[in-house]
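Here's the letter readout for the chains.
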Amino acid sequence: MGTALVYDDEMTKYKLLWVDPVCEPEVPERLQVSHQALVRSGLAGCCVPVPVREATDEEILLVHSEEYLEGVKKTPFMDLEDLMAFTQQYGDVYFHPNIYHCAKLAIGATLQLVDSVMTGKVRNGMALVRPPGHHSQTSQANGFCVFNNVAIAAQYAKKHHRAKRVLIVDWDIHHGQGIQYCFEDDPSVLYFSWHRYEHQSFWPNLRESDFDSVGSGKGAGFNINVPWNQVGMGNSDYLAVFFHVLLPVAYEFGPDLVLISAGFDSAIGDPEGLMCATPDIFAHLTHLLMNLAGGKVCAVLEGGYNLTSLAQSVCQTVQTLLGDPPPHPANLGGPCESALESVHSARSVHKKYWSCLQHAAAPFPEEPSTKTCRPAQQDGSQGPQSNGGGEAQKEAIVWPEPLQRDAPSVRTALVLPDAVACADGCERFSPAEGPDSMATAGLRKHFLKESEDGVNVKLLYNITALVGQMEKNEIRNGLALVPDVSMATTLLTSTSLSKRVLVVWVGDGLVPAQVLEDEKTLVVHISSTAPHEAQSKYYVPITLKQGCGDTVGLMQAALGLLLPLGYQYAPGLVLLVRLPGCRAREDLWLQLTGLLQGLAAGHTLVLVQENETASVGITASCLLGNAAPSLGSLAAPGPEDVESFERLRLRLQTDWPLLQTTAPDKR
Ligand SMILES: CC(O)(O)CCCCCNCCCN
Ligand SMILES: [Zn+2]
């Protein structure tokens, strides 16, 4: 299934007609450069074009009042003086004779995207729209927004597509208070927003943008605010919030649709945000959401005012929606102290609403720290500093162009015993030439018992050849059914050319000593018992009392422990090994297979015992890029499991700072 792109240049045909410094950044070129970048990169050509349409009054009234709509309807006929007068009643926004038309197209574009995704015409998609929406409220325009595109889309999806639970992820750097107000007491819409806050000193300066606004009445717990109390937040800060706040709750919520209020003013170079996260981070944020809701993800443009980082960020997002491998995560450090406070605060106030946080979040933090997050830049200059929200940064901020993300010619290769049929869409891996006598001798000497017949030599040779081609980016990922997953893992870690190999060892069974001792491997072992007492930072035993059949425990461990470790380790190859007798549920196994593809530029090899032929088809389907089926809403993880996860976090977070969920001196 494809990726929709909804765009029409009619939405560029309005602009600021008078002097107003606050509104200056919201220019038509924002849309033009974004669309042009998609066209020039070839990404637009890979998308399914979906036409825009005008929203109907009825659709607008899903969120807005009649009197507000009647007022906006008059604006096309207003002269400049009346437009300015009409604008005066609202904040940080401007009107134009054509903005009502464009605002209806922005909603219509968003709803067209929701239709395309909810009816299965496409898997996911992006709507490039302006005016943005997330600040507008029932009866008022605000913050460049006239109608609340995403809020209307959520109501529309519930009404016309019987969506039961809608997740809205607002990664724009401003708080979408309009969305928060709309769903304040609505448990069917989980609204998540991070936003520059600086202890309420940044626009829109609202007390209710802080982390303790959790929603009210039946909606309590369904509003998650993560305030950024300092500028300069970077990739690690953003990922930490996804791993330790958003994703655990989103998986527990189990949405059947994900709407992204995709503002890119949270990227480096933006004059509004003054953050440091680079455009490629949106590839990872998007990827981490794509296995929710069965992959039904709609990204809708909100803000973004640096035309260079906006265009790059839009491309990173669309390229990931299309299924291209995310780039290697840049050398990630840990989240800064201020970010950790925000993570900790959000987890603390939400622990009473979300069982995944129940035993995890520690008690409330004390006074916020005033330590500046970012050490001075290399040249001794400070990173972007907020001068009280005054004029933007003087000297130009520069960052590297995002790396090419070439999709190998072969997506998924399978190494299967001849008797096992190949899954459709994949190809059976068979290298041109077989093992030469040297290779055979080597394999026999180290890996085969004398008794083994020739077929295993060929099979073992094939998996090393497959990994070789993955590491040369000729093949993206693979699945191998082997007689002995332990031996295969030992062989592959010893022959891999990657500097770092992440081994995800799932099931009850010892990890081969040679793998443990190999200094280029990080082994994350998920099982019912911790077999090794190894205290090495490169052996992480995650234990589940009920074993791998415990879907909730395994999922929450994957989100809060495995993924942070994997992203921080930044492997060149991921081996996902399913041990014999492993009882991980199929849909959970697919979530792991899907999420781990965010690492190592998608070079994931799944190793399964050869008698487990049942999982070949669905695993292959996931490796081909089809979203893993939704797990639905998750129950509570076992308290003792969560406590053992937290003990593990405490032991490892010094070595792996992306595991942290609380600021150092708060522990
Ligand atoms: C869609 C959006 O969230 O990006 C709109 C942001 C509006 C900002 C209003 N100006 C704030 C003045 C302080 N610099
Ligand atoms: Zn914004």
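Residues numbered from 1 in each chain as written. Chains lettered and ligands numbered in written order. Predicted model: local features only at pLDDT ≥ 70, side-chain atom pairs only at ≥ 80, totals over all residues. Heavy atoms only, no water.

> With reference to specific residues and values, describe the confidence of the model for the protein.
Looking at the protein as a whole, the pLDDT averages 92, with 93% of positions reaching at least 70. Taken together, the stretch residues 375–392 has pLDDT below 50 and engages in 18 contacts with residues farther than four places along the chain or on a different chain. Across the predicted assembly, pTM comes out at 0.95 and ipTM at 0.98. (pLDDT = per-residue confidence, 0-100. Contact = heavy atoms within 4.5 Å.)

> Please provide a residue-by-residue account of the site of ligand 1, values included.
Near ligand 1, the surroundings consist of 14 residues, among which His134, His135, Asp265, Glu272 and Tyr305 are the closest. Between ligand 1 and His134 there is a distance of 2.7 Å, counted from an oxygen atom to a side-chain nitrogen or oxygen. Tyr305 places a polar side-chain atom, nitrogen or oxygen, 2.5 Å from an oxygen atom of ligand 1. Here ligand 1 loses 90% of its free accessible area of 430 Å² to cover by the protein chains. For the shell around ligand 1, a count of residues per class yields 5 nonpolar, 5 polar and 4 charged. (Near = heavy atom within 4 Å. Polar contact = N/O pair within 3.5 Å; in protein donor to acceptor, adjacent residues only side chain to side chain. Areas by Shrake-Rupley, 256 points an atom, 1.4 Å probe, with all protein chains shown as cover. Nonpolar A, V, L, I, M, F, W, Y, C, P; charged D, E, K, R; others polar.)

> Any details on the sheet that holds strand E12 (residues 501–506)? Residues and values, ideally.
Spatial ordering of the open sheet is given by E10-E9-E11-E16-E15-E12-E13-E14, a layout of 8 strands whose pairing is parallel. Only two strands of the sheet have a single neighbouring strand rather than two, namely strand E10 (427–428) and strand E14 (539–543). Pairing analysis gives 6 bridges linking E12 to strand E13 (residues 521–527), with the strands arranged parallel. Bridged to Val506 within E13 is Ile526. The sheet strands contacting helix H20 (residues 616–623) are strand E9 (410–415), strand E11 (475–482) and strand E16 (604–609), and the helix crosses E11 at an angle near 165°. (Pairing = 2+ DSSP bridges. Helix = DSSP H or I, 4+ residues; strand = E, 2+ residues; numbered from the N terminus. Axes fitted to C-alpha atoms, helices over the stretch in contact; angles between N-to-C directions.)

> Would you mind going over the coordination of the zinc ion (ligand 2) in detail, with residue names and values included?
Coordination of the zinc ion (ligand 2) by the protein is provided by Asp172 (OD), Asp172 (OD), His174 (ND1) and Asp265 (OD), with metal-donor distances spanning 1.9 to 2.7 Å. Bound by 6 donor atoms, the zinc ion (ligand 2) shows angles of 54 to 159° at the metal and therefore irregular coordination geometry. When the donor residues of the zinc ion (ligand 2) are listed from N- to C-terminus, their spacing reads D-x1-H-x90-D. One end of the pair, His174, is in the loop between strand E4 (166–170) and helix H8 (177–182); the other, Asp265, is in the loop between strand E7 (257–262) and helix H10 (281–289), with 91 residues separating them in the sequence. Residue Asp265 is classed as buried on the basis of its relative accessible area of 0%. (Donors = N, O, S within 2.8 Å, 3.2 Å for Na, K, Ca; no water. Tetrahedral: all angles 85-135°; square planar, octahedral: opposite > 155°, others 65-115°. Buried < 20%, exposed > 50% of the residue type's maximum accessible area, 1.4 Å probe, protein only.)

> I'd like to hear about the environment of Ser116, residue by residue, with values.
Turning to its location among the elements, Ser116 is positioned in helix H6 (residues 99–118). Placed 482 residues apart in sequence, Ser116 and Gly598 show a C-alpha to C-alpha distance of 25 Å. Once residues within four sequence positions are removed from consideration, Ser116 is found in contact with Val50, Lys121 and Val122.

> Please provide a residue-by-residue account of the pairing of E14, values included.
Burial analysis of E14 places 4 of its 5 residues in the buried class, which makes it a mostly covered element. The pairing of E13 with E14 spans 5 bridges and is parallel. What sits directly across from His525, in E14, is Pro541.

> An account of empty space enclosed by the protein is requested, with residue identities and associated values reported.
This structure, assessed with the given rule, holds 3 cavities of 30 Å³ or more. As a volume, the largest cavity reaches approximately 190 Å³. Around the largest cavity, the lining comprises 16 residues; the ones closest to its centre are His287, Met290, Arg411, Gln597 and Gly625. Across the lining of the largest cavity, the residue classes break down as 4 nonpolar, 8 polar and 4 charged. Two domains each put at least three residues into the lining of the largest cavity: domain 1 (3–394) and domain 2 (476–660). Each pocket or cavity is described by its volume, and for the second largest cavity that value is around 140 Å³. (1 Å grid on protein atoms, 1.4 Å probe; cavity = no way out; pocket = protein on both sides within 12 Å on 5 of 7 lines; lining within 4 Å. Points joined across faces, edges and corners; volume = space filled by probe spheres on them. Domains from an automatic or database assignment.)

> Let's hear about the side chain of Thr521: which residues, and what values?
Mapped onto the elements, Thr521 comes out in strand E13. When its relative accessible area of 0% is taken as the criterion, Thr521 is described as buried. Here the side chain of Thr521 touches Val515 through a polar contact of 2.8 Å, landing on its backbone oxygen. When sequence neighbours within four positions are dropped, the list of residues in contact with Thr521 reads Thr493, Val501, Val515, Tyr538 and Tyr569.

> An account of the packing of helix H18 (residues 551–569) against helix H19 (residues 586–596) is requested, with residue identities and associated values reported.
Between H18 and H19, the least distance of the axes is 10 Å, while the angle of their chain directions is 15°. The orientation of H18 relative to H19 falls into the category roughly parallel. Between H18 and H19 lies a crossing of right-handed hand. Residues Thr551, Leu554, Met555, Ala558, Leu559, Leu562 and Leu563 of H18 form the contact with H19, whose participating residues are Leu588, Gln591, Leu592, Leu595 and Leu596. (Parallel < 35°, antiparallel > 145°, perpendicular 65-115°, else oblique. Left-handed = near helix turned anticlockwise from the far one by under 90°.)

> Pulling in residues and values, what's your account of the packing of aromatic side chains?
Evaluated as defined, the whole model comprises 24 aromatic pairs. Here Tyr68 and Tyr90 contribute two aromatic rings whose centre-to-centre distance is 5.9 Å and whose plane-to-plane angle is 90°, an arrangement assigned as edge-to-face. Of this pair, Tyr68 sits in helix H4 (residues 66–73) while Tyr90 sits in the loop between helix H5 (80–88) and H6; the two residues are 22 residues apart in sequence, bridging distant segments of the chain. Exposure remark for Tyr68: the relative accessible area of 3% places this residue in the buried category. Relative to Phe95, the ring of Phe86 has its centre 4.9 Å away and its plane inclined at 85°; by these criteria the two rings are edge-to-face. Of the two residues examined, Phe86 and Phe95, each falls in the buried class. Through a chain of ring-to-ring contacts, the aromatic side chains of Tyr68, Phe86, Tyr90, Phe95, Tyr100 and Phe147 assemble into a single cluster. (Phe/Tyr/Trp six-rings, centres within 6.5 Å; stacked < 30°, edge-to-face > 60°.)

> Describe the sheet that holds E7, and please don't skip the residues or the numbers.
Taken in spatial order, the 8 strands make up an open sheet running E2-E1-E3-E8-E7-E4-E5-E6, and their pairing is parallel. Looking along the sheet, the strands with just one partner apiece sit at the ends: strand E2 (48–50) and strand E6 (223–228). With direction set aside, neighbouring strand axes in the sheet form an average angle of 15°. Sitting on the sheet, helix H11 (residues 307–321) touches strand E1 (3–6), strand E3 (124–127) and strand E8 (297–301), and the angle it makes with E3 is about 160°.

> Give me H19: which residues, what numbers.
Side chains of residues three or four places apart in an α-helix project in the same direction, reflecting 3.6 residues per turn. In terms of burial, H19 is a largely internal element, 10 of the 11 residues being buried. Inspection of H19 places Asp587, Leu588, Trp589, Leu590, Gln591, Leu592, Thr593, Gly594, Leu595 and Leu596 among the buried residues, and these make up the whole buried set.

> Residues and numbers for unusual backbone geometry, please.
For the bond running from Arg130 to Pro131, omega is 5°, close enough to zero to count as cis. Looking at the secondary structure, you find Pro131 in the loop between E3 and helix H7 (149–160). Across the junction of Trp203 and Pro204, the peptide omega takes the value 5°, indicating a cis bond. If you trace the backbone, Pro204 turns up in the loop between strand E5 (189–196) and E6. Unlike most non-glycine residues, Arg162 shows phi in positive territory, near 50°. You can see Arg162 is positioned in the loop between H7 and E4. The backbone of Asn473 shows a phi angle near 60°, a positive value even though the residue is not glycine.

> Describe the domain arrangement of the protein, and please don't skip the residues or the numbers.
Split by domain assignment, the protein resolves into domain 1 (3–394) and domain 2 (476–660). Distance from the C-alpha centre of domain 1 to the C-alpha centre of domain 2: 32 Å. At the boundary of domain 1 with domain 2, the tally comes to 0 salt bridges. Our enumeration of links across domain 1 and domain 2 arrives at 16 residue pairs in polar contact (both at pLDDT 80 or more). Contributing elements (two or more residues each) for the side of domain 1 that touches domain 2: helix H9 (235–253), H10, helix H12 (337–350) and helix H13 (355–358). Counting residues per element, the side of domain 1 that touches domain 2 draws most heavily on H9, which supplies 10 residues. Of the residues belonging to the side of domain 1 that touches domain 2, the class tally is 19 nonpolar, 14 polar and 5 charged. (Salt bridge = Lys/Arg side-chain N within 4 Å of Asp/Glu carboxyl O.)

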